[in-house]
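# Per-entry structural report
Okay, here's what each chain looks like letter by letter:
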Amino acid sequence: GLVASGLFVASRYVTMVLFATSDQPQRLWALGRCWLATSVGLTFPCVVALDQLVRHPAMTPKKLLRWFSPFLAAYALILLFGRFELTPDRVVGWSPKLVGWGLGLLVFVQTSFVLGLLGLGTLLIRKLPSNRIRLALCGLMAAFGYLGLDGLLVTFGRWYVRPFLFSEILALTAIWFALETARRNFA
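With that out of the way, let us pick up the overall build of the protein chain. Per the secondary structure count, the protein chain includes six helices and two strands. Reading the secondary structure of the protein chain in the N-to-C direction produces α-α-α-β-β-α-α-α. For 187 residues, the compact-globule formula gives about 16 Å, and the C-alpha radius of gyration of the protein chain, at 17 Å, lands near that figure. Counting only C-alpha atoms, the protein chain reaches 55 × 30 × 25 Å along its principal axes. Out of the 187 residues in the protein chain, the part that is buried amounts to 42%. Here the protein chain displays about 10,200 Å² of accessible surface, and carbon together with sulfur accounts for 68% of that area. Across the protein chain, the centroid of the 18 positively charged side chains sits 11 Å from that of the 7 negatively charged ones.

Shown next, in the form of structure tokens:
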């Protein structure tokens, strides 16, 4: 699952490069949905990292996947049926932009995921005794809080691609740190 998520995230960056270097971005339209790959490609590994960090009988991988499945279903709905428009972008030239109901659903789903993560992380930090695990949870919470805020600013504000990439890099780093902390803590 993590390898597939990683490849999906990488498809976003490959798509960005292709759109930035293409003379005819309309020819790349089929790749436009990869532009949103980080929605699933970052949230699923975050759930896996939480599972690896906590390792508590009350929080099984099955329960976490059940908790994540509505998000996954919403992302699939957006990626498969959302409407995209090709818009000029001052950083990458042209970019596919989600419009209409898909954009509203994406904002709702991402905001719900981040708020759920922040709430769950706060509860876990108060209950878990290990400072290393607490630090990894704080890293996930901070990175995804920043990613959520950045996503809202990109969607509704005047920010463009660069700040969003920094928040994605921070989220990837936080996921890596959480997985590495879990590996070292439970090895």
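This is not the end of the story, as more comes after the structure.
Attention now moves to the packing of helix H2 (residues 37–54) against helix H3 (residues 61–81). As a packed pair, H2 and H3 sit with axes 10 Å apart at the nearest point and diverge in direction by 170°. Taken together, the axis directions place H2 and H3 in an arrangement best described as roughly antiparallel. Along its contact with H2, which presents Ser39, Val40, Thr43, Phe44, Val47, Leu50 and Asp51, the element H3 presents Pro61, Leu64, Leu65, Trp67, Phe68, Leu72 and Tyr75.

A word on the pattern of salt bridges. Counted under the stated rule, the structure contains four salt bridges. Each of the salt bridges in this network shares a partner with another, and the network as a whole consists of Glu180, Arg183 and Arg184.

To continue, consider empty space enclosed by the protein. Throughout the structure, instances matching the rule amount to one cavity of 30 Å³ or more. Roughly 40 Å³ of volume is contained in the largest cavity. The wall of the largest cavity is formed by Leu36, Ser39, Tyr75, Ile78, Leu79 and Leu106. Per-element accounting of the lining of the largest cavity gives the leading share, three residues, to H3.

Let us look at H3. Between the first and last C-alpha of H3 there are 29 Å, a value that for 21 residues agrees with the 30 Å anticipated at 1.5 Å per step. Residue phenylalanine 68 marks the point of greatest curvature in H3, where the axis turns by about 40°; the proline proline 70 follows within four residues. For H3, the complete set of buried residues consists of Leu64, Phe68, Phe71, Ala74, Tyr75, Ile78 and Leu79. Elements that come into contact with the buried residues of H3 comprise helix H1 (2–21), H2, strand E1 (83–89), strand E2 (93–99) and helix H4 (101–127).

If you look at the biggest cluster of nonpolar residues, it comprises 42 residues, and the most contacted ones within it are Leu53, Tyr75, Phe113, Leu137, Leu140 and Phe144. Counting residues per element, this core draws most heavily on H2, which supplies 10 residues. When near neighbours in sequence (up to four residues on either side) are disregarded, leucine 137 contacts Leu50, Leu53, Leu124, Ile125 and Leu128. If you look at the next biggest cluster of nonpolar residues, it comprises five residues, including Phe19, Leu28, Trp35 and Val92.

One ladder, built from seven bridges, connects E1 with E2; its direction is antiparallel. Residue pairing across strands places glutamate 85 opposite lysine 97, the latter belonging to E2.

About the criteria used
- Residues numbered from 1 in each chain as written.
- Predicted model: local features only at pLDDT ≥ 70, side-chain atom pairs only at ≥ 80, totals over all residues.
- Heavy atoms only, no water.
- Helix = DSSP H or I, 4+ residues; strand = E, 2+ residues; numbered from the N terminus.
- Rg over C-alpha atoms; globule rule 2.2 N^0.38 Å.
- Buried < 20%, exposed > 50% of the residue type's maximum accessible area, 1.4 Å probe, protein only.
- Areas by Shrake-Rupley, 256 points an atom, 1.4 Å probe, with all protein chains shown as cover.
- Lys, Arg positive; Asp, Glu negative; His and termini not counted.
- Charge placed at Lys NZ, Arg CZ, Asp CG, Glu CD.
- Axes fitted to C-alpha atoms, helices over the stretch in contact; angles between N-to-C directions.
- Parallel < 35°, antiparallel > 145°, perpendicular 65-115°, else oblique.
- Contact = heavy atoms within 4.5 Å.
- Salt bridge = Lys/Arg side-chain N within 4 Å of Asp/Glu carboxyl O.
- 1 Å grid on protein atoms, 1.4 Å probe; cavity = no way out; pocket = protein on both sides within 12 Å on 5 of 7 lines; lining within 4 Å.
- Points joined across faces, edges and corners; volume = space filled by probe spheres on them.
- Expected span 1.5 Å × (residues − 1).
- Bend = angle between axes of the 7 residues up to and from the residue.
- Core = buried A, V, L, I, M, F, W, Y, C linked by side-chain atoms within 4.5 Å.
- Pairing = 2+ DSSP bridges.

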